[in-house]
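Chain by chain, the residues run as shown.
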Amino acid sequence: MAVRSTSRLFRLVLLPILLLTIGPAAAHAQDTTATTLQGRVVDADTERPLPQANLRVADTYQGTVTNADGQYTLALDSLPATVVVRYVGYESVRRRITAETESRQTFRLMPSTVQMEEVRVTGSGNPGETIMRRVIENKQEWWPELKSYSVEAYNRFTLASDTTIAAITESQTTAFWDAERGTREVVRSQRGTANLQNLADGALPAAATVLNLYRDNVEVFGNRMVGVTHPDALDYYDFTLDTLRAIDGRRAFRIRVEPESRLSSTFRGTVTVLDSTYALLEARLRPTASLSTSRLFKGVDLAFEQQFSSFGGPYWLPVDFRARRTLDVQLSALVSFSDIQIQQVSRLSGYQINGPVPDSLYTTDEATSVARLDSTVAVQSSSSLKADTLRDGGPFVPYSRAERSAYTRIDSTDTVEDAFDPGGLLGWLRDLGVGGEDGLSIGDDADEDDETGADDDSGDGEGAGADSIVDFEGGLPILRFNRVEGGHFGVRLDFGVGPLAVTGRGGYNTGPSGSAQWSYGGEATLPLGDDTDLSAGYHYGIEPRYRARSRMVPIWARLSNSLWTLAGAPDYFDYFGNERLRVSVRHAFSNPDLGLALQLRNERHFSVAKSTDYNVLSRSAAQPVNPPVNAGRLRSVALTATLGDGGLLGVTPINRVKATVEHSDPDVAASDFDFTRVAAVADARLATFFQRRFRPNTLDLRVDVGASFGDPPLQRFGVIEASPQPYTPFGALRTLDDRPYQGEHHAALFWEHNFRTVLFELLGWQAPVEQDVDLILHGGHGRTWIGDDAGQRLRTADGVHHEIGLSVNGLLYDTLRLDVTKRLDARGLSLGVSVLRFL
C-alpha cells in the first residue's frame, strides 16, 4: 500500500469537508463607483465598540452590520439618504447623509432604559415559556404567508489553523427562495486570497450557507435540529427569562434556552424577544452535545449568532449570520490534522418579499443550486441583475486586522494544505521521508466469479486518451497462496487500444504439475454509448468455486485467505480448473438506478487436487481435501440485474438488490449440464431512532438466497459464508469457523442494529461518546439444502443456524470493531474483530 503525498491526502480527505463551507474563489475585483460610508458604531459613554450593530438605509431594506470591532461599510445607492443604526440595549440613531457629508461617520449610541417593573406576561407559569409560546403562535400566523423572497447576500469564510489564517474567500450573490422549490443563487462577484485561485472550479454560494435560526428545523452538519420557534419547541426546550433589556425605550426579553433532554437534536444559548410584537430580535445558539457528525470529526465546536428584522409587515427575516466552527479531523489512527477553524460572517440585505421568482432557475430538482451571472440560465432568468464587484475600498463587512494582514501576506505559493500538518501514522511516515504518489501495490486477479458465475465488476480499465492509439497504464503484481495453487506469482497489465480498455493476466503456480501450473487470460471492453459497453474475456487456470462477498472486495478475499492458509488455518475456498470464454453486454439506466448485464458463457471445467499442506508455522494439521467437480463443457446464458446504489459491505450503507438467472440447456447449447439457477442478494439500511441526527440509529439488513432447478454441478452451488477467525465480518456467520455451508439451495439473513452512542449518553459516560464508540446488536440466520451424495463431500447446515451478538465499534482510534457472538441452535461462542462500520 502506497503512502500518498500530503497534497493528495488533503484533496481526498480534507478538501471535501472544507468545500461544504468554503468553496472556490475568483479573482480580486475593484469597483469604486458607489457612495460608501465607513466608520464605527460605539457606546456613547465608554467609546466601547458595538459588534454586530445593525445599520439600515431608512425606507429601504438595504443595510449592513458591524464587525467584532464595531466597524462597518455601507453602500448608498443615492443621496440624500437617512441611515438608522440599531443595537439591542441602546437608543437607535438616525442620521441624514448628503453629498456634503464626510464619508467616514462614527455613530455613538446611548444606552436605552425602561421602567424595570416586575415582568408581567399574560398567562401563568414560567414567564420565559409564556413569552416563547407567544413567539411561536405569532410565527405560525405569518410564516405560512411567506411564499418567496429574493435577497442580496454577502458571505465571507476565514479558514485558519491553530496558528495562522490559511485562506479567505468571499462572495456576493442574489439569492431566491421559494417555499416549495427551495433556494437558488446567482453569483455576482467572488474573490479570495491568492492561494485559492485554483483550489476548485464553480460558484461559491452565500445565502445557501446561512442558517436561519428562526426556522422550525435547522440543518447543522446533516442534523435536523429542532428550532427554538418550532411548533413543538416547548416539548424540547426549557425557556427561562434571564434579563430585561431595552431598545428605543421598548422592552426586550433575553431568554435562556436549555434542552429538555440531552439526547434530542437541539440548541442551547439565548434568544432576545421584542415585547408586544413577540418576534425574535437576536439568537445566540450552539448545538448541544448530542450533535451527530461524521466519524472524521473527533471534536466539533460550533457557535451561531443571528439578528432579525421586520421586512414588509409581519415578516421577520435574518439580516446577518455569524458562525464559528472548530473541527478536529482524524481518519482512524492513520492520519489527523491540526484543528481547523472556520469563521463565517454573512450579511443579508435588500429583501423583496413574495415577489416573482425566476422559473428558469428551477430547471433541476436540487434543493439548492448556484449559477454564475454569466451563465445562460442566470442571464435569461435574471435580466434585471447587473454584474457587481466586491469593492477595493473594503468588503460589505470590514475585515479584522488579522484578515487584512492575510490578504496582503498570502500569495499563490501558500497552499492551504501547508497550514494543516498531518499527524498520526501518515504524518510520522512523511516526517521520515517515506511516501510517494504511486508506490508499490500488491494486486490480485480481480476476475473472480460469484456462485452464479456472474462477474461482479469487470472491465475496470479506462479507454485510451485522444493523444495516443495505445495507452499503457501499468502493471500490477498478483501474489497469493492456497492449498491447490501453492504460491501464485503473476502480473496484470492494463492498457488502452483506441476506445478499447484491455486487461491481460498471466501467472505461475508452484503447487500443481502439468498444464495447471500456468494461468493466463484477458478481457477487452468497448463502449457502445454513454451507458452501454460490450466486453469479451478469456481465462485459463485455477479459480475458487465460490466468492467470499463478506470480505468486501475480491482482492481482500484472496489475499486475506492467503494469510490464514499460510498461518495454518483451513483454506476457506474450494477450487476447480476452468477454461472459459465470456461475452457480455451491459447497460446502465439512471432513473431508476438500474444496471442490466447479459452474458454468454462457454466454459470447460475440470477437477484439481490439493497440492500442499505447507504453512509458515510448520503445523502438522493437514488442509482439507479439495472436492472434485463435475467435469464437462458448460454453456449457458445469464442475466444479471442490479437495482440501487452500492457501498462497502459492513463499512458503509448499501441499498441494493442484485439478482441473477443462469440457464444451461444441453438441447439448445450442447452443454453437458442441464440446470437453471436463480440467486439474489438484497441489502438495505433503515433509520430507526433519533432520525434527526446525521448518524441516526440504523438497522442494516442483508438477505442472500439461491435456488437451483434441474441437475446443477457442484461448481454452481450456493454458499452461506463463514468467518475466517479471528476476522468476523458482517455477511458471514460469525460462529461458523473457516469453511462455509454449501448447497443446491441456500437462504440467509444477516442484520445489525447500530445504537450509536445513545446507550453511553443515557448513562452519562462521555468518554466513549467523544470517541464515537458505538454499540451494535447483530444476528445471523441461515441454512442450505443439498442432495445426499454431494452432502458427503461438503459442509452443510443441519437445520437453521441461529446466532446473536454484540459489537463495540470504533476501538483503537476508529480502526476496528470487536464482535462477540453466541450461537443459539447449538453450542458455540465467537470472539473476533472486523473492519470498522464507518457510517
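Just so you know, these numbers come straight off a predicted model, no measurement behind them.

**Q** Explain the overall build of the protein here, please?
**A** The number of helices and strands found in the protein is 12 helices and 42 strands. Per-residue burial over the protein gives 52% buried out of 839 residues. Contacts in the protein between residues far apart in sequence, at least 24 positions, make up 65% of those at least 6 positions apart.

**Q** Just checking my understanding: could you explain the sheet that holds strand 3 (residues 63-65) for this structure?
**A** Neighbouring strands of a sheet are bound in pairs by backbone hydrogen bonds; such pairs are parallel or else antiparallel. Across the sheet, which stays open at both edges, the four strands sit in the order 3-2-5-6 with antiparallel pairing between neighbours. Only two strands of the sheet have a single partner each, and these edge strands are strand 3 and strand 6 (93-97). Between one strand axis and the next, the sheet turns by 20° as a mean value, whatever way the strands run. Here three bridges tie strand 2 (residues 54-57) to strand 3, and the two strands are oriented antiparallel to one another. Opposite Arg56, over in strand 3, you have Gly63 as the bridge partner.

**Q** Looking at this model, I keep getting lost on the pairing of strand 25 (residues 500-509). Mind explaining?
**A** Within a regular strand, side chains alternate between the sheet's two faces. Bridge analysis of strand 24 (residues 486-497) against strand 25 gives 10 bridges, and the strand direction is antiparallel. The residue of strand 25 that forms the bridge with His488 is Asn509. In sequence, strand 24 turns back onto strand 25 through a hairpin of two residues, with Gly498 there showing a positive phi of about 60°. Judged from the eight bridges that link them, strand 25 and strand 26 (residues 518-527) form a sheet pairing that is antiparallel. If you follow Val502 over to strand 26, its bridge partner there is Ala524.

**Q** For this particular structure, what's the right way to read the pairing of strand 11 (residues 217-220)?
**A** Burial of the side chains of strand 11 is restricted to one face: Val218 and Val220 are buried, whereas none of Asn217 and Glu219 on the reverse face is. Across four bridges, strand 11 lies against strand 12 (residues 223-226) in antiparallel orientation. Its bridge partner lying in strand 12, Glu219 is registered against Arg224. Where strand 11 hands over to strand 12, the hairpin turn is made up of two residues, of which Phe221 adopts a positive phi near 50°.

**Q** Mind showing me how you'd approach unusual backbone geometry here?
**A** Along the chain, Leu79 connects to Pro80 via a cis peptide bond; the corresponding omega equals 0°. Mapped onto the elements, Pro80 comes out in the loop between strand 4 (71-76) and strand 5 (81-86). Going from Gln725 to Pro726, the amide bond is cis rather than trans, its omega being 10°. Considering the arrangement of structural elements, one finds Pro726 in the loop between strand 35 (722-723) and strand 36 (733-737). Within the chain, Asn354 stands out as a residue other than glycine whose phi angle is a positive 55°. Inspection of the secondary structure assignment puts Asn354 in the loop between strand 21 (340-353) and strand 22 (368-372).

**Q** Would you mind going over the sheet that holds strand 7 (residues 104-109) with me for this structure?
**A** The three strands are arranged 4-1-7 in an open sheet whose pairing can be described as mixed. Each edge of the open sheet is held by one strand with a lone partner, namely strand 4 and strand 7. The sheet shows a mean angle of 30° between the axes of neighbouring strands, taken without regard to direction. Where strand 1 (residues 35-43) lies against strand 4, six bridges are found, and the strand directions are antiparallel. For Gln38, the partnering residue across the bridge sits in strand 4 and is Thr73.

**Q** Explain helix 5 (residues 401-409) to me, please; I cannot follow it from the model alone.
**A** Turning to helix 5, its buried residues are Glu403, Ala406 and Tyr407. Take helix 5 and look down its axis: the buried residues cluster within an arc of 100°, on one side only. Across helix 5 from its buried face, at more than 90 degrees, point the exposed residues Arg401 and Thr408. Its buried side turned inward, helix 5 meets strand 8 (148-160), strand 9 (165-178) and strand 10 (182-192).

**Q** What is the right way to read the side chain of Arg601 from this model?
**A** Tracing the backbone shows Arg601 in strand 29 (residues 594-606). One polar contact links Arg601 to Gln599, side chain to side chain, over a distance of 2.6 Å. At a separation of 2.9 Å, a polar atom in the side chain of Arg601 contacts the side chain of Glu662.

**Q** Just to check I follow, could you spell out the confidence of the model for the protein for this structure?
**A** When pLDDT drops low, the exact placement of atoms in the prediction is not to be read closely. Here the protein averages 84 in pLDDT, and 82% of its residues register 70 or above. A low-confidence stretch, residues 20-33 (pLDDT under 50), is modelled with 43 contacts involving residues beyond four sequence positions or located in other chains. With pLDDT under 50 throughout, residues 446-468 is counted as low confidence; its partners more than four residues away or in other chains account for 68 contacts.

**Q** Help me out: how do you make sense of the nonpolar core in this one?
**A** In globular proteins that are soluble, nonpolar side chains generally tend to be buried together. Residues Val220, Val271 and Phe304 are the most contacted members of the largest nonpolar core, which totals 55 residues. When near neighbours in sequence (up to four residues on either side) are disregarded, Val220 contacts Leu211, Met225, Phe267, Pro287, Leu291, Leu302 and Phe304. The next biggest cluster of nonpolar side chains, apart from the first, holds 24 residues, and it includes Ala557, Leu649, Leu736 and Ala797.

**Q** I would appreciate a short explanation of the pattern of salt bridges in the present structure.
**A** A side chain with one charge may pair with a side chain of the opposite charge, provided their charged atoms come close. Applying the stated criterion across every chain, the model contains 51 salt bridges. Measuring nitrogen to oxygen at the nearest pair gives 2.5 Å for the salt bridge that ties Asp814 to Lys298. Taken together, the positions of Asp814 in helix 12 (residues 811-814) and Lys298 in strand 17 (residues 297-310) put the pair 516 residues apart, joining distant regions of the chain. Note on Lys298: relative accessible area 14%, which makes it buried. Each of the salt bridges in this network shares a partner with another, and the network as a whole consists of Arg685, Asp700, Arg734, Glu752, Arg817, Asp819 and Arg837.

**Q** How should I be thinking about a negative patch on the surface in this particular structure?
**A** A cluster of like negative charges, contributed by Asp232, Asp235, Asp238 and Glu260, occupies part of the molecular surface. Mapped onto the secondary structure, Glu260 falls in the loop between strand 14 (250-259) and strand 15 (267-274). With a relative accessible area of 46%, Glu260 lands in the partly exposed category.

**Q** What is the right way to read helix 2 (residues 127-142) from this model?
**A** Along an α-helix, a turn takes 3.6 residues, which lines up residues three or four apart on a common side. In this model, helix 2 (16 residues) spans 23 Å end to end at C-alpha, consistent with the 22 Å of a helix rising 1.5 Å per residue. Of all the positions in helix 2, only Gly128, Thr130, Ile131, Met132, Val135, Ile136, Lys139 and Trp142 are classed as buried. Against helix 3 (233-236), strand 13 (237-247), strand 14, strand 15, strand 16 (279-287) and strand 18 (316-318) lie the buried residues of helix 2. Between a side-chain oxygen at the N-terminus of helix 2 and the backbone nitrogen of Gly128 the separation is 3.0 Å; the capping residue is Asn126.

**Q** Looking at this structure, how should I read a nonpolar patch on the surface?
**A** Among the surface-exposed residues, Leu528, Leu534, Val583, Val585, Phe589, Leu596, Leu598, Leu600, Val637 and Leu639 lie close enough to one another that they form a single nonpolar patch of about 780 Å² accessible area. Mapped by element, the contributors of at least two residues to the nonpolar patch are strand 28 (575-589), strand 29 and strand 30 (632-645). One can find Val637 in strand 30. On the accessibility criterion, Val637 (32% relative accessible area) is partly exposed.

Reading the values: the criteria
Residues numbered from 1 in each chain as written. Predicted model: local features only at pLDDT ≥ 70, side-chain atom pairs only at ≥ 80, totals over all residues. Heavy atoms only, no water. Helix = DSSP H or I, 4+ residues; strand = E, 2+ residues; numbered from the N terminus. Buried < 20%, exposed > 50% of the residue type's maximum accessible area, 1.4 Å probe, protein only. Contact = heavy atoms within 4.5 Å. Pairing = 2+ DSSP bridges. Axes fitted to C-alpha atoms, helices over the stretch in contact; angles between N-to-C directions. Arc of directions from axis to C-beta. Polar contact = N/O pair within 3.5 Å; in protein donor to acceptor, adjacent residues only side chain to side chain. pLDDT = per-residue confidence, 0-100. Core = buried A, V, L, I, M, F, W, Y, C linked by side-chain atoms within 4.5 Å. Salt bridge = Lys/Arg side-chain N within 4 Å of Asp/Glu carboxyl O. Patch = residues over 30% accessible without salt bridge, like charges linked within 9 Å, V, L, I, M, F, W, Y side chains within 5 Å. Areas by Shrake-Rupley, 256 points an atom, 1.4 Å probe, with all protein chains shown as cover. Lys, Arg positive; Asp, Glu negative; His and termini not counted. Charge placed at Lys NZ, Arg CZ, Asp CG, Glu CD. Expected span 1.5 Å × (residues − 1).

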